Amino acid sequence: MQVFRNRLSQYVNLDDIIWSEFEKLQNHKKSYEAGDDLIRVGQNPKHVFLLTEGWAIRHRTLEDGRRQIVNFMLPGDVFDLQVLANLEADHGVTAVNRTVTMRIEVDDFVNMLKKSGPLASAFWWSAVQEESILREQIVRVGRRSARERIGHLLLELQRRLQAAIGSQEDVMPLPLTRTDLADALGLTPVHVSGTMSALRRAGLIEEGRGRVKILDAEKLARQSHFDMDYLHMRRLDLLNGGGGAVNGHVRQDGSSHKDFSASTIRPPRPRNS
């Protein structure tokens, strides 16, 4: 539960009283093993899903078996909010490794949002972030080189995990196969392997069994054109005029600021010609 609170607290300050509204909800935990489907195309789920452990992929699979991974679901993520509109799933969600979810009845979830403005704001901003990640995925696959795609995705996953667990560690678990990365990035597994090897030789990353360490995040960010603004991790205060903060720090001009570690440094923006 703490990882989910960390996730929502990126956007809105959730004190204990506000958070207690969420903890009152009846929920059902369910575990999945690697390869199990959490959601299938055509299903009409009746619950909101919260991922508390493990990784999952959101994907579309064509009739001939070709698969496009559109996003990775990490601990603390909520999905799929289309259930609030009683819509059938138009994609699948599948466990990458052992995964645990909390399932909350739609009516209970909606009633909670009606009672708590801060919680409603947090879930709304979480949905805004996911839309932005999906837009960035289109750019990543459509316009970046293989090296840029892989570096950009690694930095994104690292930053999202850091926010979920409240850590600035440069080592992150990566339970993804070369095929998973290939299906997410529009590459072949062979191309992914070759590019990862090139990143290792360049001293940018280090790989172990099921883990990756980013050795030079600043350089990798520059080479991958990674700008974390699209992750929208600025904390909001929508109920009090909209002034935002990240980790509680607010500048006098009302803008947000955070002392970014090397793993979250942005590359310089190009100047307009």
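Thresholds, definitions, all that
Residues numbered from 1 in each chain as written. Predicted model: local features only at pLDDT ≥ 70, side-chain atom pairs only at ≥ 80, totals over all residues. Heavy atoms only, no water. Buried < 20%, exposed > 50% of the residue type's maximum accessible area, 1.4 Å probe, protein only. Helix = DSSP H or I, 4+ residues; strand = E, 2+ residues; numbered from the N terminus. Pairing = 2+ DSSP bridges. Axes fitted to C-alpha atoms, helices over the stretch in contact; angles between N-to-C directions. Core = buried A, V, L, I, M, F, W, Y, C linked by side-chain atoms within 4.5 Å. Contact = heavy atoms within 4.5 Å. Salt bridge = Lys/Arg side-chain N within 4 Å of Asp/Glu carboxyl O. Parallel < 35°, antiparallel > 145°, perpendicular 65-115°, else oblique. Left-handed = near helix turned anticlockwise from the far one by under 90°. Nonpolar A, V, L, I, M, F, W, Y, C, P; charged D, E, K, R; others polar. Arc of directions from axis to C-beta.

Draft legend 1. Just the pairing of strand β7 (residues 92-95), in detail. Side chains of β7 alternate between two faces, with G92 and T94 and V93 and A95 buried alike. As judged from the two bridges shared by strand β2 (residues 37-39) and β7, these two strands associate in the antiparallel manner. By the bridge assignment, I39 is partnered in β7 with V93. By the bridge criterion, four bridges tie strand β4 (residues 56-61) to β7 in an arrangement that is antiparallel. Bridging across to β7, I57 finds its partner in T94.

Draft legend 2. The sheet that holds β7, seen in detail. On the basis of which strands lie adjacent, the open sheet formed by four strands has the order β2-β7-β4-β5 and antiparallel pairing. With partners counted over all chains shown, the strands left at the sheet margins are β2 and β5 (67-73), one partner each. Mean inter-strand twist for the sheet, computed between neighbouring axes without regard to direction, equals 35°.

Draft legend 3. Examining the sheet that holds strand β8 (residues 99-105) more closely. With antiparallel pairing, four strands are arranged side by side in an open sheet as β1-β8-β3-β6. Unpaired on one side and paired on the other, β1 (27-32) and β6 (78-79) mark the two borders of the sheet.

Draft legend 4. Structural view of the nonpolar core. Membership of the largest hydrophobic core comes to 38 residues, with the highest contact counts inside it found for F72 and L157. Within the residue set of this core, elements represented by two or more residues are β5, α5 (146-165), α6 (178-185), α7 (189-201), β11 (211-214) and α8 (217-224). If you tally residues by element for this core, the top one is α5, at eight residues. Apart from residues no more than four positions distant in its own chain, L157 is found in contact with W55, F72, L74, M172, L174 and L176. Counting residues in hydrophobic clusters, the runner-up holds 14 residues, among them W19, L25, V48 and V83.

Draft legend 5. Expanded view of the pattern of salt bridges. In the structure shown here, the tally under the stated rule is 15 salt bridges. Notably, a salt bridge pairs E53 with R98, separated by 3.7 Å at the nearest N-O pair. Separated by 45 residues along the polypeptide, E53 in strand β3 (residues 47-53) and R98 in the loop between β7 and β8 bring together distant segments of the chain. The exposure class of E53 is partly exposed, given its relative accessible area of 42%. Residue R98 is classed as partly exposed on the basis of its relative accessible area, which comes to 45%. With a shortest N-O distance of 2.9 Å, R144 and E136 are connected by a salt bridge. Both residues of the pair, R144 and E136, belong to the buried class. One network of salt bridges, in which partners are shared, links D77, R140, E156 and R160.

Draft legend 6. The environment of N27, seen in detail. Tracing the backbone shows N27 in strand β1. Overall, N27 belongs to the partly exposed group, its relative accessible area being 35%. If we ignore the near neighbours within four places in the chain, the residues touching N27 are M102, R103 and I104.

Draft legend 7. A look at the packing of α5 against α8. Look at α5 against α8: their axes get within 8 Å of each other, and the N-to-C directions meet at 130°. Judged by the angle between their axes, α5 and α8 are oblique. Considering only the axes of α5 and α8, their crossing is left-handed. Within the contact between the two elements, α5 uses R147, E148, G151, H152 and L155 and α8 uses A217, L220, A221, Q223 and S224. By residue class, the composition of the contact of α5 with α8 is four nonpolar, four polar and two charged.

Draft legend 8. Main features of helix α3 (residues 106-115). Taken as a whole, α3 has its buried residues at V106, F109 and M112. Taken down its axis, α3 places every buried residue within 125° of arc, on the same side. What points out from α3, more than 90 degrees from its buried face, is the exposed set D107, K114 and K115.

Draft legend 9. Structural view of the environment of D108. Along the chain, D108 falls in helix α3. C-alpha separation for the pair D108 and K24, spaced 84 residues apart in sequence, amounts to 9.8 Å.

Draft legend 10. Quick look at α8. When α8 is considered as a whole, its buried residues turn out to be A217, L220, A221 and S224. Down the axis of α8, the buried set is contained in an arc of 100°. They therefore lie on one face. Structurally, α8 contributes buried residues whose contacts are with α5, α7, β10 (205-208) and β11. Positive phi shows up at H225, right after α8, with a value of about 55°.

Any link to function would need more than the numbers given here.
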